[in-house]
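The chain contents come next:
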Amino acid sequence: MKLERIYFRGFGKYVDRTFELEPGLNLFEAPNEAGKSTLIHGLTALLYGVKKEGISRRQKADHYDRYLPWESRHYGGEVDFSLQGKQYRIIRNLLWEEEREQLVDRKTGRDLTELYPLDRRKDRNLLEKLIGLNRNLFLRVAYISPYSLAGEKQLVDRIRQLVTQGEEQDLAPVLERLEQEIQRIGKSPLARSKPYGAAVNRVEVLEKNLRDLRASYEELRKDQRRLSRMQQELAEETKRWEACRQRANQLRQQVRLQDRLATLQEKQKHFSYKQQTLRELEKKRAALKEQRDHLAPPVVLSPEEMDAMNKLLNEREVPRIRLETLREERNDLAQKLASVRREQAGFLAEDVSQMERQRHLLEEVVRLQQSLITPVAQETMDEKVTAMRLEKDHQRLQELQEREEDCRRRRRELEDRHYSYKARLEGWEREHFLRQATQVTVNEPARPSRNWLWGGIGTTVLGILLLKDAPVLGLMALGVAGFAFFRYRKQRLLDQQVRQEWQERQQRLQAEWARLKEEQKNNRQNVPELDYDSLLAQTAEIKQQLHRLYDELALIIQEQEAIFERWQAGSAAELYWKVEQQRLKVKEREAAKKRDKEYRARIAELQEELEHWGERFRSRLGSFEAERWLKEISRMADEARAAREQVQKLELELSAKQEEEGRLLAALDRLQEEEAAWSERLGTDDVEEWAEWLERSGEVHRLNRQLESLEQEWEELMRVKQREGWDIQLAEVQEEMQALEKESEGFAANQEQEGENIRDLLARAEADLEEAEAVYREKEAEVLKLEERIRTRYGQLPPLGDVETRWQEAQRQVRALEKERTALETAREVLQEAVQEVQEDLAPRLAPHASRWIAGVTGGRYQDLLIDPADGLSLSVFTPETGDRQPVENLSQGTVDQMYFAMRLALIHFFSETSGLRLPVILDDSLVHFDDDRLRPALKILGEMAQDHQVILCTCQSREKRVMEEEGIPFVRQVV
Amino acid sequence: MKPVTFVHTADLHLDLPVQGWKGNEEQLLLRREEYRQTFSRIVGLTKEKEAQFLLIAGDFLEHEYVNRSTVQWVMEQLERIPDVQVLIAPGNHDPYRTDSFYRTVKWPDHVHIFSEKWETHSFSQYDLCLYGKGFADMEERESSLPENGQDGERRLMLVHGTLGHRKEASPYFPLSMEELAPLEMDYVALGHIHQAVTHRLANERKTVVRYPGSPEALRWKETGERTVTVGRLDTGGIRWEAVPVHTRRYEIYHIDVTGCETEEELLRRIGENIPADRREAYLRLIFQGRRPREIVYASDWLELRLRQQGFFYTECMDQSVPDFDVERLREADGVAGAFVRRMEARIEQANEEEKEMLQEALYKGLEALLTPEVVHK
């Protein structure tokens, strides 16, 4: 490849600038910043464009803006070059918005652009397709820079491609395809959009599901274990319950037997008792009959006859005995009556009413005598005297009260006058004081401020006067004056305040005085005008009068109190009431005296009448004494009444006895008739015998009645016996009892606790049964509940097997995907290994090229350059001194530069040989670090290279030109 | 002596997860139903054959998975044959544990579940003595035998366990023909092995010892017809026959895809290889041979097409290899050669499990490296 012309329409500093390049070595020698680097960048930009490489989007290269032309709106240009016998021109507009590229065959003028389609970045990659190197590779190969090529994988790949002569295609797409396959499956279990992630997720979901479900099944199996245990327990409980029931039933049967037996025994007893009763009844009947026959008299009296006989026997003696007694009593009574009449003849003759009258009179006398009083004459006199004294004191008190009233009135008048005069005196004194106060002007307050004022004025004048002759003193005086004025100003304010207060006080006093004067004027109109001294004299006199009056009043009051004290009264009214009381007392005493005199006259009158009547009974009554007589006469009246009553009573009794005697005589006649009739009936008149027969008849009748009742009872029992069939029943009972006894013998043998009451046993067995049943029921309920729970729970669960089937399937899917992915990864891995294996073949291919130059560049010091293409192109050498293999980076910088230089040359050479392309060699200050000793061989080699390759050597130094001239290396000098 | 007819089955594993299942939800439901149908068919057969006994030699209900509703359904089925003595000897998958439905649910009166101890049941009307025993737990390493019966009676034995010619250690009730022979049983009804198998013991009665196999396939190994055993004891001794009862069978077909350039061709070839009467079965199709290197079979698509063509259920397993000339590539320079050599070296060193994956990696790598664009359907 030969560059022939570079034309910049605009690129950095170059605008419309053409460089014509020659084959062989072109030397651009110019100082720094002259534009050498711009030229190299411009060349690359025109060849490859300004898009960033290695990314799929269209994006500006980093240096795009750096080379925007300074003075032109154009950005771009043309490059003419020849390649493998053809002549091309690349025309480029680099402006981003107008970017355009064109490839023209210069020989034919044909536009070849369309032969190269646009890629995604809208780039046709013209040069890359022409020479097989992209910009990066072109620069790495053609551009000699002092940098390592380690890490340059792309370069190594390209070299490898060249080595394998196109038999190998690019491996990147192959690996990419495998990677795509791996990516399609998915690497991460988290990427759920990919089959692997989805499958793993499915497994996880199913696994969780499965785990939960398994746990549920396991739990249910646990429940089942429990259930089976409970069922076993239930079976045991059932057995127990059954046993209890049997036992209870057996005991119940026994109890029933026992009860029945007891009932039968009771029944048997009952029948026996009844038959016994019947037998006893019959026995008793026979006994009674015998007794009756034995007792029966020759004539059995009927009950009516018995009554009549009885009556007769009872009555026949009574009338006779009674008659005798009656006659005796009648005689006694007649005697008694006669004696009473004799003894009480006096009283019987006396008129009782007269006696009563005398008694009334006596009672009056006694009453009157009791009402008599004997008044005491002295007492009556005393009462009268007291009344008079009271009257007198009362009058005196009235007088005293009037005087007291008068005294008090006068005192009031005097006091009024005294007060009036005293007020006038005070008014006069006040007026006098005010007059004095208002008329005084001496007390007006002083004004000390004036002193400062005058002082100030004085010192001012003095200051002014002194100012001329003694200015210092003058100034001092003026200063003092200033101070005085200042003080005056302050003091004046104070003075004004004091003065104002004084004036206000003065005004108040004046007003007060005026008011007082007005008042006095008014007062003087009502009372006579008096001067001050006469006023004083009069006031003293009034005072004396007042004192006298006070004394008089005290005396009056003292006397009043003495009267009150004497009569023990609190007030005049009370004293008056006492006077009235005393008057009433005196009046009553007079009335009593008169009444007494009347009573005594009446008593005398009555005594005369009574003594007249009592002459007949003088012996008994004695001399007249009202009370004794009253008692005695009352007693005499009672005695007279009693004698009369006794006589009457005795007379009545006597007549009653006589009547009764008549009746008794009649009854005796009738009895004799009846006895005669009975003697005839009974054939005997022995009354004793009658009585015996009567008694025996009664006995017979009683026994007959008893027999009759027994007979009835017996008949009743017989009827019952017939009806109830006692004999049959008894036989049946006995038969059943025998059977039961036989039956119960069997139980008795089984009974374990013989001593124990069968009923207690039954009660316990029933309690056991109840408890066993409760336990059984409870257990049964539990079992049913658990069974139901298990059934329900199973019903709610999906088939575990299905879930596990799906889970296994999902797992298989994951495993299949993993296997496929592992296969792909393994394929990729092994492919990379294979690539590595092939790459390792590169080293011997590159080595001869490198070694060809290394000896020349290092002046024979190093013979071999070892290339490791594993990671880009790492270089190492055998150091001549030690024979060690060392990376070139361990050598001195100068040597390293030489190594890189040799490597570049080797690459260019290698590319030329393998691809047939003779790439230009571009150096931009690349040899700047070479010292002169190293530069010379390097330039020699460049000269050698220039025979086959176009060389563009840019330098800022002149030594290259010199050395080349010295060495006779042909070159064309170019101007930047 | 009255003749006695019995139906002998085992290993139903009701409610066990369907092993190696790839179908959809609906198909799974259907499969679950098919297991029930099979049991229902067994009950029907018992009735039809007028058998006096239904012997179930264990692994009847899958202990860990069985649902109460399944148990309820089973009991309802058994109610259909109230005159048949149903005898169940629990196995290692349905041991006679306290948390088993065998113990917590009231089973119909004509159903007897053997406990963990040997039980002897005499049926004098048939002059028959029946010995049975269940598993006490998931494992039972120590085996035992029933006591010797009386002479003359007919004897049946029902148990779940592992039978060998000689006694060998096994966690599942190891039994040997040696020790069974002296018992002089007429028939020993076993369960545990899912493939039907019969042994004749060298004793007087020429005892028949039989595993009836699983009556419905539980995994892909259990292909073909699934049966129960119908036995008859009469004067002539024991006679038996295997009666198919499966609802749907499992079948595996290997299809050589070599020469099929397109998937349509492959579909045609599948059609040609599978008889029409197998389309109702669960089919596993294993592709073998070489396929064009640019084709990867999409099993979902194939299964869909096959369903459209009337196949009830298919699952495709591609074991074919892409048509690479590995021999030549192995010798070649460059990356491909290096890759083949390295992969083959790895395959050689890998264990069986890895080998498969590495084989796949080899072909995937080659596809990526050498095929311009692999066709993915």
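- With an unreviewed UniProt entry as reference, chain B is termed Calcineurin-like phosphoesterase domain-containing protein, source organism Marinithermofilum abyssi.

- By the naming in an unreviewed UniProt entry, chain A goes by YhaN AAA domain-containing protein and is assigned to Marinithermofilum abyssi.

**Digging into the overall build of chain B**
So, step 1. Looking only at helices and strands, chain B features 9 helices and 21 strands.
So, step 2. In chain B, the share of contacts with a sequence separation of at least 24, taken over all contacts with a separation of at least 6, comes to 68%.

**So, the overall build of chain A**
So, step 1. When helices and strands are counted, chain A shows 25 helices and 15 strands.
So, step 2. Once local pairs closer than 6 in sequence are excluded, the contacts in chain A between residues at least 24 apart make up 76%.

**Re the sheet that holds strand β6 (residues 100-105) of chain A**
Residues and elements named next belong to chain A.
So, step 1. Ordered by their spatial adjacency, 6 strands build an open sheet running β2-β1-β4-β5-β6-β7, and the pairing between neighbours is antiparallel. Taken across any chain shown, the strands that pair with only one partner, and hence form the sheet edges, are β2 (14-20) and β7 (110-111).
So, step 2. Relative to strand β4 (residues 76-83), strand β1 (residues 2-11) runs antiparallel, the two sharing 7 bridges. Among the inter-strand pairings, L3 is bridged to a residue of β4, identified as F81.
So, step 3. Along the sheet face, helix α1 (residues 36-48) touches β1, β2, β4 and β5 (86-93) and points at about 95° away from the line of β1.

**Things to note about α1 of chain A**
Residue and element names in this part refer to chain A.
So, step 1. In this model, α1 (13 residues) spans 19 Å end to end at C-alpha, consistent with the 18 Å of a helix rising 1.5 Å per residue.
So, step 2. Listed as buried for α1 are K36, L39, G42, L43, T44, A45, L46, L47 and Y48.
So, step 3. Phi turns positive, to about 85°, at G49, one or two residues after α1.

**Things to note about the sheet that holds strand β15 (residues 972-974) of chain A**
So, step 1. If you walk across this open sheet you meet the 5 strands as β8-β13-β14-β3-β15 (chain A), and the pairing is parallel. Two strands close off the open sheet at either side, each with one partner strand: β8 (143-144) and β15 of chain A.

**Some words on the interface of chain B and chain A**
So, step 1. In this complex, chain B contributes 33 residues to the contact, which on the side of chain A involves 42 residues.
So, step 2. Those elements giving two or more residues to the side of chain B that touches chain A turn out to be α1 (25-48), α2 (68-78), α3 (101-104), α8 (334-349) and α9 (352-370) of chain B.
So, step 3. Looking at the side of chain B that touches chain A residue by residue, the classes come out as 15 nonpolar, 6 polar and 12 charged.

**Concerning the pairing of strand β3 (residues 85-88) of chain B**
Residue and element names in this part refer to chain B.
So, step 1. The sheet contact formed by strand β2 (residues 53-56) and β3 spans 4 bridges and is parallel. Residue pairing in the sheet places F53 in a bridge with Q85 of β3.
So, step 2. With respect to chirality, the unit in which β2 leads through α2 into the neighbouring parallel β3 is right-handed.
So, step 3. As paired elements, β3 and strand β4 (residues 111-113) share 3 bridges and run parallel to each other. Bridging across to β4, L87 finds its partner in H112.

**What about the environment of E383 of chain A?**
All names here are of chain A.
So, step 1. By secondary structure assignment, the location of E383 is in helix α11 (residues 377-439).
So, step 2. The partly exposed category is assigned to E383, around which 15 C-beta atoms lie within 10 Å.
So, step 3. Sequence separation of E383 and R583 is 200 residues, and the distance between their C-alpha atoms is 8.9 Å.
So, step 4. With near-sequence residues (within four places) excluded, E383 lies in contact with K585, V586 and R589.

**Focus: the pairing of strand β5 (residues 119-123) of chain B**
Residue and element names in this part refer to chain B.
So, step 1. Note that β5 and strand β6 (residues 128-132) share 5 bridges and pair antiparallel. Considered in β6, the bridge of S122 is made with C129.
So, step 2. As consecutive antiparallel partners, β5 and β6 are separated by 4 residues, and within that stretch D127 has a phi angle of approximately 50°, a positive value.

**Looking at the nonpolar core**
So, step 1. Residues L55, L158 and F339 of chain B are the most contacted members of the largest nonpolar core, which totals 116 residues.
So, step 2. Per element, the largest residue contribution to this core is 13 residues, and it comes from helix α21 (residues 800-839) of chain A.

**Some details on unusual backbone geometry**
Keep in mind that most residues, glycine aside, have a negative phi and that most peptide bonds are trans.
Residues and elements named next belong to chain B.
So, step 1. Here H13, not a glycine, exhibits a phi torsion of approximately 50°, which is positive.
So, step 2. Following the sequence through the fold, H13 ends up in the loop between β1 (4-9) and α1.
So, step 3. At D59, a residue that is not glycine, the phi angle is positive and equals roughly 50°.
So, step 4. Topologically, D59 is positioned in the loop between β2 and α2.

Each value, and the rule that gives it
- Residues numbered from 1 in each chain as written.
- Chains lettered and ligands numbered in written order.
- Predicted model: local features only at pLDDT ≥ 70, side-chain atom pairs only at ≥ 80, totals over all residues.
- Helix = DSSP H or I, 4+ residues; strand = E, 2+ residues; numbered from the N terminus.
- Contact = placed C-beta atoms within 7 Å.
- Pairing = 2+ DSSP bridges.
- Axes fitted to C-alpha atoms, helices over the stretch in contact; angles between N-to-C directions.
- Expected span 1.5 Å × (residues − 1).
- Buried ≥ 20, exposed ≤ 12 C-beta atoms within 10 Å, placed from the backbone.
- Nonpolar A, V, L, I, M, F, W, Y, C, P; charged D, E, K, R; others polar.
- Right-handed = clockwise from strand over helix to strand, strands pointing away.
- Core = buried A, V, L, I, M, F, W, Y, C linked by C-beta atoms within 7 Å.

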